[in-house]
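Residues per chain are reported as follows:
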Amino acid sequence: MNVKKILLPVDGSAHSDAAAEMAIGIAHDNEASVVLLHVRRAVPTGLGQPNADELLQYLTKGAEAVVQHYRTKLDDAAVDYLELIIGGDVGEVVCNVADVEKCDLIVMGSKGKSDLEGLILGSATHKVLHSTDLPVLVVK
Ligand SMILES: Nc1ncnc2c1ncn2[C@@H]1O[C@H](COP(=O)(O)OP(=O)(O)OP(=O)(O)O)[C@@H](O)[C@H]1O
Ligand SMILES: [Mg+2]
């Protein structure tokens, strides 16, 4: 399998950290690059000002903090990467970015921040597995 670009969607959870370690290892071994993606909540339309701007600022700050954690890991491993923060539905955005960025592989956690006991798969990963034709490596 020729892996040159890996999509790594992250949410700051322990599962996501495990996925990041895996993606970094694969990128390193294959001289591949990583697309580091965090999907933030969308700002509802019709919220009005200054509420919309304030919410966007708040969400962007939170998203930056999530991304920073993985930026450090990628920098330490000297892996080439592109960083994206996009608002919307996680499953949809992941599949769209995988298409637009022409990724060869998606590496993501089996679960995320909710981490419900007894659940095998989170809803974001479930949706991606349903919607994409790309290979997906689901990391526990
Ligand atoms: N906001 C996000 N941005 C990017 N990737 C995400 C985001 N949320 C989840 N992911 C990815 O999806 C994986 C699984 O998380 P998911 O959200 O599906 O599970 P969960 O949080 O346990 O359950 P749920 O969100 O369905 O309540 C994460 O490990 C991460 O790789
Ligand atoms: Mg989640």
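Data block above holds the structure.
Since the structure is predicted, the reported quantities are computational estimates derived from the model, not experimental observations.

(A) Examining the overall build of the protein chain more closely. Looking only at helices and strands, the protein chain has four helices and five strands in total. Oriented by its inertia axes, the alpha-carbon framework of the protein chain measures out at about 50 × 35 × 30 Å. Here the protein chain holds 140 residues, and 39% of them are scored as buried. Seen as two clouds, the 12 positive and the 20 negative side-chain charges of the protein chain have centres 3 Å apart.

(B) Structural view of the sheet that holds strand β5 (residues 136-139). Overall, parallel pairing links the five strands, which are arranged β3-β2-β1-β4-β5 in an open sheet. Where the open sheet ends on each side, the last strands, each with one partner, are β3 (81-87) and β5. Geometrically, the sheet is characterised by an average inter-axis angle of 20° between neighbouring strands, direction not taken into account. Across two bridges, the pairing between strand β1 (residues 5-9) and strand β4 (residues 105-109) is parallel. Its bridge partner being in β4, Leu7 is matched across the sheet by Ile106.

Each value, and the rule that gives it
Residues numbered from 1 in each chain as written. Chains lettered and ligands numbered in written order. Predicted model: local features only at pLDDT ≥ 70, side-chain atom pairs only at ≥ 80, totals over all residues. Heavy atoms only, no water. Helix = DSSP H or I, 4+ residues; strand = E, 2+ residues; numbered from the N terminus. Buried < 20%, exposed > 50% of the residue type's maximum accessible area, 1.4 Å probe, protein only. Lys, Arg positive; Asp, Glu negative; His and termini not counted. Charge placed at Lys NZ, Arg CZ, Asp CG, Glu CD. Pairing = 2+ DSSP bridges. Axes fitted to C-alpha atoms, helices over the stretch in contact; angles between N-to-C directions.

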